[in-house]
Amino acid sequence: MANENSTDLVFAPLGGVGEIGMNFALYGYGPPDDREWLVVDVGVTFPDAAHPGVDLILPDTRFIEERLDRLRGIVITHAHEDHYGALHEIWPRLKAPVWMSPFSAGMLEAKRQGEQGAPKIPVTVFRAGEKFTVGPFEIEPIPVSHSIPEPFSLAITTPAGTVVHTGDWKIDLAPAIGPKTDEARFRAYGDKGVLALVCDSTNALREGQSPTEQAVGASLKEIISRADGRVAVTTFSSNVGRIRSIAEAARDAGRQCLLLGRSLKRVVDVAGELGYMDGLPEFISEEDYGFIPRENLVIICTGSQGEPLAALAKLSRDEMKAVALTAGDTVIFSSRTIPGNEKAILEIKNRLIDLGMKIIEDGDALVHVSGHPRRSELRQMYEWVRPKIGVPVHGEAAHLVAQGSLMATSGIGQVAQVRDGDMLRLWPGAATIIDRIPFGRVYKDGKLVGTDEAMGIRDRRKLSYAGHVAVNVVLDERYELAGDPDLVSIGVAGVDARGEDMEELMLDAAIGAVDSIPRQRRKDLDLVQESVRRAVRAAANEAWGKKPLVTVFVTR
């Protein structure tokens, strides 16, 4: 066993392991009481119905905030929200140097300009093959294929050995833009010896190899060329390769192209500045829409995940001023459904169908391919890198276990199953979980960031289920009720099953609660407050079967 004061190399995820999204990884090198730290990715995840009103969910970074003097830097693998989207909220608490690619840096700046009060983050730009040093970590970004420009795996080298942190990747032999996954560099590191492979698990349950982006582009071209009327295509805003494929398909079919959606336009602006849109005709403006014959138009729009304020949702509700779809038009969902968004997407599809649209999605034709590796691609990566240790990340439990089994059966000697908050020692000795560190979630809620308790999210969730009752009790100088209490309810049923007014029932319960307390004990206003609160909740529960939140004010 290694001496507790000796130097070690550890990996500790604070997000993205045991879940998809909110990626935040820590690497530490040095003695346990004096490690130097590297952060890889600072991502967000998105709220669902269990987080009413919340804007974004961020990783809890208090562990590294308590070690800022040992934090050497932050490296971003690519500009997807689940890998870089929390930088504006978290960087002011870390204030460490940041490294990212030109496209990621451009996206960060464009995002800053669209967010009031967002900080200006100093960024060092790296490019493929340019090694740089962050404290004791020498880092080489290795180009990979994914569904966004300039994604990188990281070869992180210390005196303990090299860790290959894949980020998001796949093997695409014919990508729409950008280089292919750099097999030669991965093999070169494998030949030198790789200590650990920390690897994307998103598609570890899927056999085979992903189709290429060029194949998706060819399929879209065929669909668009055969379509009657307008064609609207919704996809992820960040998928520049897909956007380019759609625009090329429109051009080749003799159609003009319109962009709808702020995030889509922002991405295309950044991509255009870096040359990723070269050779394409100019996109038309919304003002030109009415002058283009239906059969000569393709619309690329936001809203593939059912977002209610995105362009596709507005089109389905006929809420856009200058743009509309009509019966006979075709809508293509060139995307996958993120779990949790099924209902919202289905509602949009049903509205479009009611308007007479033809819907085409992934099950109908090759209109989408994932940006993550299937099992055959994972096996190829293992063969290239040949690590001593395999660490599945970026996935829920089923994905992590599936990749762990695949690693073990593919000849990787040690497979370490970790989850958020585990500290895994990679060196020296066998890969071992040596500690549990603080982790969790914090919430961006309007202009504030804090825990669920600090932001009132737990109570907000209760309010969404059972409403709220406010009661004002006034006692006179003899501690008798100075008139009936005032009671106001919000989100509470109006009458019970017998037609009795619910507010009257709760008011009677409040009066009864005060009357039941001996007058001398009413001097304890906290006692009166709690008695009324319990009585009102009990009355609501008896009549309605639900217990609303109850706030009681007692004054004398």
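Scroll up a little and you will see the structure.
Read on for an overview of the structure. All values derive from a computational prediction rather than experimental measurement. (Residues numbered from 1 in each chain as written. Predicted model: local features only at pLDDT ≥ 70, side-chain atom pairs only at ≥ 80, totals over all residues. Heavy atoms only, no water.)

Re the sheet that holds strand 15 (residues 297–301)
Here five strands make up an open sheet; going across it, the order is 14-15-13-16-17 and the pairing parallel. This sheet does not close on itself; its edge strands, each paired only once, are strand 14 (256–260) and strand 17 (358–360). Adjacent strand axes in the sheet meet at a mean angle of 20° when their direction is disregarded. Pairing analysis gives four bridges linking strand 13 (residues 231–234) to strand 16 (residues 330–333), with the strands arranged parallel. Bridge pairing links Thr234 to Phe333 in strand 16. (Pairing = 2+ DSSP bridges. Helix = DSSP H or I, 4+ residues; strand = E, 2+ residues; numbered from the N terminus. Axes fitted to C-alpha atoms, helices over the stretch in contact; angles between N-to-C directions.)

Observations regarding the pairing of strand 25 (residues 486–490)
Regular strands show a simple pattern: their side chains alternate between the two faces of the sheet. Because side chains alternate across strand 25, one face comprises the buried residues Leu487 and Ser489, and the other comprises Asp486, Val488 and Ile490, none of which is buried. Of the strand pairs in this sheet, strand 24 (residues 468–474) and strand 25 are connected by five bridges, and their pairing is antiparallel. Following the sheet pairing, Ala470 is matched in strand 25 by Val488. (Buried < 20%, exposed > 50% of the residue type's maximum accessible area, 1.4 Å probe, protein only.)

Re the sheet that holds strand 24
The pairing of strands in a sheet comes from backbone hydrogen bonds and takes either a parallel or an antiparallel form. Strand order across the open sheet formed by three strands is 25-24-26, with mixed pairing between neighbours. For this open sheet the edge positions go to strand 25 and strand 26 (549–555), each flanked by a neighbour on one side alone. Within this sheet the neighbouring strands show an average axis-to-axis angle of 10°, counted without direction. Taken strand by strand, helix 14 (residues 502–515) contacts strand 24 and strand 25, and its axis lies near 135° from that of strand 25. (Contact = heavy atoms within 4.5 Å.)

Considering the nonpolar core
Counting residues in hydrophobic clusters, the biggest one holds 66 residues, and the most contacted among them are Leu26, Val42, Ile74 and Phe103. No other element matches helix 7 (residues 240–252), which puts six residues into this core. What Phe103 contacts, discounting residues up to four positions off in sequence, is Ala79, Ile148, Pro149, Glu150, Val240, Val267, Val270, Ala271, Leu274 and Tyr276. (Core = buried A, V, L, I, M, F, W, Y, C linked by side-chain atoms within 4.5 Å.)

So, the environment of Val550
With respect to the helices, strands and loops of the structure, Val550 is situated in strand 26. Look at Val550 and you get buried, because its relative accessible area is 10%. Taking the C-alpha atoms as reference, Val550 lies 9.1 Å from Val532; in sequence the two are 18 residues apart. Setting aside residues no more than four positions away along its own chain, Val550 makes contact with Val469, Val471, Arg533, Val536 and Arg537.

A look at the packing of aromatic side chains
The full count for this structure, using the stated rule, is seven aromatic pairs. Consider the rings of Phe103 and Tyr276, whose centres lie 6.4 Å apart with planes at 85°: the pair is edge-to-face. Placement of the pair is Phe103 in helix 4 (residues 102–114) and Tyr276 in the loop between helix 8 (262–273) and strand 15, with a sequence separation of 173 residues. In this structure Phe103 comes out as buried when scored by relative accessible area, which is 1%. Given a relative accessible area of 17%, Tyr276 falls into the buried group. Over the ring of Phe333 we find Lys349; its NZ or CZ atom is 4.9 Å from the centre of that ring. (Phe/Tyr/Trp six-rings, centres within 6.5 Å; stacked < 30°, edge-to-face > 60°. Lys NZ or Arg CZ within 6 Å of the ring centre and 35° of its normal.)

What to know about the packing of helix 11 (residues 375–385) against helix 12 (residues 397–409)
One way to put it is that helix 11 packs onto helix 12 with a least axis distance of 11 Å and a crossing angle of 50°. As far as their axial angle goes, helix 12 and helix 11 are oblique. The interaxial crossing formed by helix 11 with helix 12 has right-handed handedness. Residue-level contacts link Arg375, Leu378, Arg379 and Tyr382 of helix 11 to Ala402, Gln403, Leu406 and Met407 of helix 12. Here the contact of helix 11 with helix 12 is built from residues that sort into five nonpolar, one polar and two charged. (Parallel < 35°, antiparallel > 145°, perpendicular 65-115°, else oblique. Left-handed = near helix turned anticlockwise from the far one by under 90°. Nonpolar A, V, L, I, M, F, W, Y, C, P; charged D, E, K, R; others polar.)

Examining the packing of helix 5 (residues 183–192) against helix 11
Closest axis-to-axis distance for the helix 5/helix 11 pair is 6 Å, and the angle between their directions is 50°. Between helix 5 and helix 11, the crossing angle belongs to the class labelled oblique. On helix 11, the residues that touch Glu183, Phe186, Arg187 and Gly190 of helix 5 are Met381, Glu383, Trp384 and Val385.

Some words on the pattern of salt bridges
The tally for this structure, following the rule as stated, stands at 36 salt bridges. The partner of Arg93 in a salt bridge is Glu65, and the shortest N-O contact between them spans 3.7 Å. Of this pair, Arg93 sits in helix 3 (residues 87–94) while Glu65 sits in helix 1 (residues 62–65), placing them 28 residues apart in sequence. Salt bridges linked by common partners bring Glu109, Arg112 and Lys120 together as one network. (Salt bridge = Lys/Arg side-chain N within 4 Å of Asp/Glu carboxyl O.)

Things to note about the environment of Thr235
Summarising the element assignment, Thr235 is placed in the loop between strand 13 and helix 7. Looking at Thr235, the relative accessible area reads 2%, which means it is buried. In this structure, Thr235 is in contact with Arg242, Ile243, Ile246, Cys301, Ser304, Ser334 and Ser335, ignoring residues within four places of it in sequence. Within the structure, Thr235 has its side chain in polar contact with the backbone oxygen of Ser334 (distance 2.8 Å). (Polar contact = N/O pair within 3.5 Å; in protein donor to acceptor, adjacent residues only side chain to side chain.)

Let's talk about the side chain of Glu140
For Glu140, the location among the structural elements is in strand 9 (residues 137–143). You can call Glu140 buried: its relative accessible area is 4%. Those residues in contact with Glu140, other than ones at most four positions away along the chain, are Gly129, Lys131, Ser153, Leu154, Ala155, Arg185 and Tyr189.

What about the side chain of Arg255?
With respect to the helices, strands and loops of the structure, Arg255 is situated in the loop between helix 7 and strand 14. Comment: no salt bridge for buried Arg255; closest opposite-charge side chain is Asp228, at 6.6 Å. Polar contacts involving the side chain of Arg255 include one to the main-chain carbonyl oxygen of Glu295, which spans 3.4 Å. Contacts of Arg255, omitting those with residues within four sequence positions, involve Ile224, Ala227, Gly229, Arg230, Val231, Ala250, Arg294, Glu295, Asn296, Leu297 and Val298. (Lys, Arg positive; Asp, Glu negative; His and termini not counted.)

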